[in-house]
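Examination of the molecular architecture
What follows is the residue order along each chain.
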Amino acid sequence: MILHSHFRPSVAVLFAALIASTLVTVSAEQSKWSAPAAEAQKKNPVAATESSLAAGQKIYSKTCAMCHGKTGDADGPAVIELNIHPAKLSDPRLATQSDGALFWKMTTGKKPMPAYGKRLSETDRWNLVNYVRTLSKR
């Protein structure tokens with residue numbers, strides 16, 4: 001029995017460590033927002049023409065700037081009011097994400113960002129992808 005009582009605390013410690021490492025892993029995965037591979041591979045059917053960029057800018061101003069900020073610096077007026085931390089769309093690392101990945105994120109959303117799949121047409125979302133690309137180049 002003495003051996004058994006020494007065994008219990010170490011099992012409890014191991015169990016607690018396992019739970020803690022699982023929570024850290026889950027938390028890290030939740031903070032990383034990646035599009036499914038098939039969605040990320042989608043090609044943008046809308047060329048980044050002047051009219052596409054103008055349409056995207058108009059949509060961005062109405063729909064995205066409140067949180068992501070006018071220039072994509074994540075400093076829109078809703079940030080403090082809603083206590084949120086939107087993506088910094090002006091970050092040059094945005095260029096590493098495919099058009100398909102950005103389109104998927106806009107379409108599906110992730111709290112607190114709403115899904116725009118039913119709010120914006122497919123063409124509007126592709127125009128928005130084209131415009132968002134310009135923010136990291138400024």
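The present account deals with the structure reproduced in this document. (Residues numbered from 1 in each chain as written. Predicted model: local features only at pLDDT ≥ 70, side-chain atom pairs only at ≥ 80, totals over all residues. Heavy atoms only, no water.)

Looking now at the packing of aromatic side chains. Remark: the centre distance and the inter-plane angle together describe each pair of aromatic rings, the angle taken between the planes. A full pass over the atoms with the stated rule returns three aromatic pairs. Taking 6.2 Å as the distance between ring centres and 55° as the angle between the ring planes, the aromatic pair formed by Trp-33 and Trp-104 counts as tilted. Of the two residues, Trp-33 sits in the loop between helix H1 (2–31) and helix H2 (37–40) while Trp-104 sits in helix H6 (residues 99–108), which places them 71 residues apart along the sequence. Judged by relative accessible area, Trp-33 falls into the partly exposed class, the value being 24%. Taking the centre distance of 4.0 Å and the plane angle of 10° together, the rings of Phe-103 and Trp-126 count as stacked. Linking Phe-103 in helix H6 with Trp-126 in helix H7 (residues 122–135), this pair joins segments that are 23 residues apart in sequence. For the pair shown, Phe-103 and Trp-126 are each scored as buried. (Phe/Tyr/Trp six-rings, centres within 6.5 Å; stacked < 30°, edge-to-face > 60°. Helix = DSSP H or I, 4+ residues; strand = E, 2+ residues; numbered from the N terminus. Buried < 20%, exposed > 50% of the residue type's maximum accessible area, 1.4 Å probe, protein only.)

The next point concerns H7. The terminal C-alpha atoms of H7, which comprises 14 residues, lie 21 Å apart, in line with the 20 Å expected from a rise of 1.5 Å per residue. In terms of burial, H7 is largely enclosed, as eleven of its 14 residues are buried. Among all positions in H7, only Arg-125, Trp-126, Asn-127, Leu-128, Val-129, Asn-130, Tyr-131, Val-132, Arg-133, Thr-134 and Leu-135 are buried. Tucked inside the fold, the buried residues of H7 contact helix H3 (50–63) and H6. (Expected span 1.5 Å × (residues − 1). Contact = heavy atoms within 4.5 Å.)

Summed over all chains, the structure comprises three salt bridges. A salt bridge links Arg-93 to Asp-91, with the nearest nitrogen and oxygen atoms 2.7 Å apart. (Salt bridge = Lys/Arg side-chain N within 4 Å of Asp/Glu carboxyl O.)

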